[in-house]
Amino acid sequence: MKVAAIQINLEFGNPEANRAKVVEMIEKAARELPDVIVLPEMWNTSFSLKNLHEIADKEGEPTKTLIGNLAKKHRVNIVAGSVADRYGDQIYNRLYAIDRAGHVKAYYDKAHLIQQAREHEFLTAGTAASVFAMDGIPCGAIICYDIRFPELARTVALKGAKVLFIPAQWPETRIDHWKALAIARAIENQMYVVAVNRIGSEFKANFPGKSLVVDPWGKVLAESEDQETILYAEMDIDLVDRVRAKIPCFSDRNIKAYSL
Ligand SMILES: NC(=O)CCC(=O)C(=O)O
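Residues numbered from 1 in each chain as written. Predicted model: local features only at pLDDT ≥ 70, side-chain atom pairs only at ≥ 80, totals over all residues.

An unreviewed UniProt entry lists the chain under the name 2-oxoglutaramate amidase, with Thermotalea metallivorans given as the organism. Listed under Sequence similarities (unreviewed entry) in UniProt, the entry text for the chain is "Belongs to the carbon-nitrogen hydrolase superfamily. NIT1/NIT2 family." (UniProt positions renumbered as here; feature names shortened; annotations may be inferred.)

Written out as structure tokens, the structure reads:
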């Protein structure tokens, strides 16, 4: 499975501009014939939280049609990062997984909203982990701050995922956590992690990129710098089974010891 992680700057509160950038980058990434393209967190509006009611997607549109058409045109799977998506009065930080035919296979709503960024005041948290197949490979997704909650990544792994996608907007001040947590989630769950950050700045936060792909042994296969780029990596999915056979953490779990 060849992955292309799209690391871009975003325009605050400007979905039109961000859609144009995303289309340009997907077209560019598709030329390298990846199996899956991944976008960052909240790429339509960014964290323009106060006017999300006006500028968020409505019931998945236009993201589902726009990205679905690109997926179909290039016969590529797309993990459409996440977008602000309004359903009635509720707005979700929602990720869509779209297959090569342009169909939405699954969605995932960010479960842990970061109070420090006041996300919980404007967004509704998801309540379910998401696992979906891409070309028959079981995959899962979490979003940004979710990476700090090992229970969620573990749930995704226990549901069978071998690849975990993590779109994010992760700031420079805590970038060491980003890399350490991505590697930790890969090692403890013996799965691939594709962690996609943005660049640029918003309010007082700088975003340094540093998107990375980690294999189930914890080896960083690819890592980007602080610039607009597409990060490519080849994932040997059979390695997940080999690592899980070598150190059988899943069958060695002792759930009696985990109850509070
Ligand atoms: N967008 C986010 O969820 C940011 C998370 C973050 O900055 C952190 O966990 O630290």
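That was the structure; now back to the text.
**Focus on the site of the ligand**
By nearness alone, every residue bordering the ligand is listed as Glu41, Ile114, Cys144, Tyr145, Arg148, Gln169, Trp170, Pro171, Arg174 and His177. A per-class count over the shell around the ligand returns five nonpolar, two polar and three charged. (Near = placed C-beta within 6 Å. Nonpolar A, V, L, I, M, F, W, Y, C, P; charged D, E, K, R; others polar.)

**Re the nonpolar core**
Core analysis: the largest hydrophobic core is formed by 77 residues, its most contacted members being Ile6, Val38, Leu164, Ile166 and Val194. In terms of residue count, strand 11 (residues 192-196) provides more of this core than any other element does, five residues in total. With near-sequence residues (within four places) excluded, Ile166 lies in contact with Ile142, Ile147, Ala182, Val193, Val194, Ala195 and Val196. (Core = buried A, V, L, I, M, F, W, Y, C linked by C-beta atoms within 7 Å. Buried ≥ 20, exposed ≤ 12 C-beta atoms within 10 Å, placed from the backbone. Helix = DSSP H or I, 4+ residues; strand = E, 2+ residues; numbered from the N terminus. Contact = placed C-beta atoms within 7 Å.)

**Digging into helix 3 (residues 63-74)**
Structural remark: α-helix, 3.6 residues per turn; residues separated by three or four positions point the same way. With twelve residues, helix 3 should reach 16 Å at 1.5 Å per residue; the first-to-last C-alpha distance of 16 Å fits that figure. By the burial criterion, the buried members of helix 3 are Thr63, Lys64, Ile67, Gly68, Leu70 and Ala71. Looking straight down helix 3, one finds its buried side chains confined to an arc of 160 degrees; they lie on one side. Away from its buried face, by an angle of more than 90 degrees, helix 3 presents the exposed residues Thr65 and Lys73. Elements that come into contact with the buried residues of helix 3 comprise helix 1 (15-30), strand 3 (57-58), strand 4 (77-79), strand 5 (83-87), strand 6 (90-98) and strand 7 (104-109). Positive phi appears at Arg75, one or two residues downstream of helix 3, with a value of about 50 degrees. (Expected span 1.5 Å × (residues − 1). Arc of directions from axis to C-beta.)

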